[in-house]
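# What the coordinates show
Chain by chain, the residues:
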Amino acid sequence: LSLKQELKPGAWGNRTTVTEFILLGLTENVRLKPILFVVFLFAYVLTVGGNFSILAAIFVEPKLHTPMYYFLGNLSLLDIGCITVTVPPIVPYAACVSQLFFFHLLAGVDCHLLTAMAYDRYLAICQPLTYSTRMRREVRGALVAICCTVSFINALTHTVAVSVLDFCGPNVVNHFYCDLPPLFRLSCSSIHLNGQLLFVGATFMGVFPMILISVSYAHVTAAVLRIRSAEGRKKAFSTCGSHLTVVCIFYGTGFFSYMRLGSVSASDKDKGIGILNTILSPMLNPLIYSLRNPDVQGALKRVLMGKRPPE
């Protein structure tokens, strides 16, 4: 993506203020750009179509009207939003900051929603007698509301902190979307406070949720291992496998991306990590959740073929 560079005189004499950023994208090779455009367009259509299919399956299949699939439906909406704000081109400074806000808002909700899903699995396997009470509709709605509120505060904090930084040029962002690490490298003012805010944000948005997920699955593992039959253990673990796969992909790419802020040469590697985090993960989630789930597969077939669910 090439944008015109526009620099205006600032309030400090010869200093200039960046009003637009140039997003270099994934490559500067002219021959590769049309191929990458087709590949990412296909990925975008596949992701949106796959996640809308999951939403339709959850909506039409009564068997999927459970807390776990309620959270999965919200996760599908987040995946659609995440790839939408990062793959299509974003233009000037204000749009870049807006993209930064929405990306961190959606990614933050994703973090906490995965935690809520781990808590759901803990209650379903370790506290089955009280599961329906503890995961009633009001509780599910409250959990999603908390996820959105915490993520909104985190995204707004980072966006405001970046918006007060000085960008005096160059204005070339070595990435395919606007994010904190590449913008920090372009700032001509101190980013010490931004680094501290990012550390605190990563703790609340990444470390704490990961600890809660680990604790939940430690209890789940202990409970499953107490099941005597091998078939029972397999069935219990199968309900958690898809969620654990998504957690590993999401947190693995996220931690690797934001724990290397000191490396200036990391931009090219960050692009690859960004593809995993913002494109491949949302694209694979529908496949991961439907691959070994006969209920989801049956609902998807009925949606695609226009059939009604059995009474």
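The structure displayed is predicted, hence computed values, not measured ones. (Residues numbered from 1 in each chain as written. Predicted model: local features only at pLDDT ≥ 70, side-chain atom pairs only at ≥ 80, totals over all residues. Heavy atoms only, no water.)

### Let's talk about the nonpolar core
Heads up, the rule is: The term nonpolar core refers to a set of buried residues drawn from Ala, Val, Leu, Ile, Met, Phe, Trp, Tyr and Cys, joined through side-chain atoms within 4.5 Å. Exposed residues in this analysis have more than 50% of their type's maximum accessible area, buried residues have under 20%, and partly exposed residues fall in between, with area computed by a 1.4 Å probe over protein chains only. To qualify as a helix, a DSSP run of H or I must reach at least 4 residues; to qualify as a strand, a run of E must reach at least 2; elements of each kind are numbered from the N terminus. Two residues form a contact once any of their heavy atoms are found within 4.5 Å.
Within the largest apolar cluster, 53 residues are counted, with the highest numbers of intra-cluster contacts made by Leu72 and Leu114. Looking at this core, the elements that each hand over two or more residues are helix H1 (32-60), helix H2 (67-86), helix H3 (93-126), helix H5 (137-163), helix H7 (192-225), helix H8 (230-258), helix H9 (267-291) and helix H10 (294-305). A per-element tally of this core places H3 first, with 14 residues. Excluding residues that lie within four positions of it along the chain, leucine 114 makes contacts with Leu75, Ile213, His243, Val246, Val247, Phe250 and Tyr251. Phe21, Leu100, Cys178 and Leu186 belong to the second largest nonpolar core, which has 16 residues in total.

### With respect to the UniProt feature "transmembrane region" (unreviewed entry) in the protein chain
Short version of the rule: UniProt positions are given in the numbering used here, feature names are shortened, and annotations may be inferred rather than shown by experiment.
Here, UniProt's "transmembrane region" (unreviewed entry) annotation points to residues 35-60, 72-95, 101-119, 139-157, 197-225, 237-261 and 273-291. This span, residues 139-157, is 100% helix and 0% strand, and a straight line between its end C-alpha atoms measures 27 Å. The distance from the first to the last C-alpha atom of residues 197-225 is 41 Å, and the span holds 100% helix and 0% strand.

### Some points on the packing of aromatic side chains
Where we set the bar: Under the pairing criterion, centres of Phe, Tyr and Trp rings, with the six-membered ring standing for Trp, must be within 6.5 Å; the plane angle then separates stacked pairs below 30 degrees from edge-to-face pairs above 60, leaving the rest tilted. A ring is scored as having a charge over it whenever the NZ atom of a lysine or the CZ atom of an arginine sits within 6 Å of its centre and within 35 degrees of its normal.
Scanning the entire structure with this criterion turns up six aromatic pairs. Grouping aromatic residues by their ring pairs yields a cluster made of Phe101, Phe102 and Phe152. Taking NZ or CZ as reference, arginine 140 lies 5.1 Å from the ring centre of tyrosine 70, over its face.

### So, the pattern of salt bridges
Going by this rule: Salt bridge, as applied in this entry: a Lys or Arg side-chain nitrogen positioned within 4 Å of an Asp or Glu carboxyl oxygen.
Counted by the stated rule, this structure contains two salt bridges. Ionic pairing is found between aspartate 120 and arginine 121, a salt bridge with its closest N-O pair at 2.9 Å. The same class applies to aspartate 120 and to arginine 121, which are both buried. Here glutamate 138 makes a salt bridge to arginine 136, at a shortest N to O gap of 3.8 Å. We classify arginine 136 as partly exposed; its relative accessible area is 42%.

### Brief notes about the packing of H2 against H5
Threshold: A fitted line through C-alpha atoms serves as each axis, taken over the contacting stretch for helices, and the angle formed by two N-to-C directions is quoted from 0 to 180°. Throughout this description, any angle smaller than 35 degrees is read as roughly parallel, any larger than 145 degrees as roughly antiparallel, any in the 65 to 115 degree range as roughly perpendicular, and the remainder as oblique. Should the near helix be turned anticlockwise from the far one by less than a right angle, the crossing is left-handed, and should it be turned clockwise, the crossing is right-handed. Nonpolar residues are Ala, Val, Leu, Ile, Met, Phe, Trp, Tyr, Cys and Pro. Charged residues are Asp, Glu, Lys and Arg, and all others, Gly as well, are polar.
Interhelical geometry of H2 versus H5 gives an angle of 30 degrees and a closest axis separation of 11 Å. Between H2 and H5, the interaxial angle falls into the category roughly parallel. Note on packing geometry: the crossing formed by H2 with H5 is right-handed. Mapping the contact onto sequence places Pro67, Tyr70, Phe71 and Asn74 in H2 and Arg140, Gly141, Leu143 and Val144 in H5. Tallied by class, residues from the contact of H2 with H5 come to five nonpolar, two polar and one charged.

### Points about the environment of serine 76
One can find serine 76 in helix H2. Residue classification places serine 76 among the buried positions, given a relative accessible area of 2%. Separated by 22 residues in sequence, serine 76 and isoleucine 54 place their C-alpha atoms 7.2 Å apart. For serine 76, the contacting residues outside a window of four places in its chain are Asn51, Ile54 and Leu55.

### Brief notes about the state of the cysteines
Where we set the bar: By convention in this document, the label disulfide applies to cysteine sulfur atom pairs within 2.5 Å.
One pass over the full model with this rule turns up zero disulfides. Between cysteine 111, a cysteine without a disulfide, and cysteine 147, which holds the nearest cysteine sulfur, the sulfur-to-sulfur distance is 9.8 Å.

### Things to note about the environment of threonine 47
Looking at the secondary structure, you find threonine 47 in helix H1. Considering only alpha carbons, one finds threonine 47 and serine 281, 234 residues apart in sequence, at a separation of 9.3 Å.

### Description of the packing of H1 against H10
Interaxial distance between H1 and H10 falls to 9 Å at its minimum, and their mutual angle equals 100 degrees. It follows that H1 is roughly perpendicular to H10 by the angle criterion. Here Ser53, Ile54, Ala56, Ala57 and Val60 of H1 come into contact with H10, specifically with Val296, Ala299, Leu300 and Val303. For the contact of H1 with H10, the per-class residue count stands at eight nonpolar, one polar and no charged.

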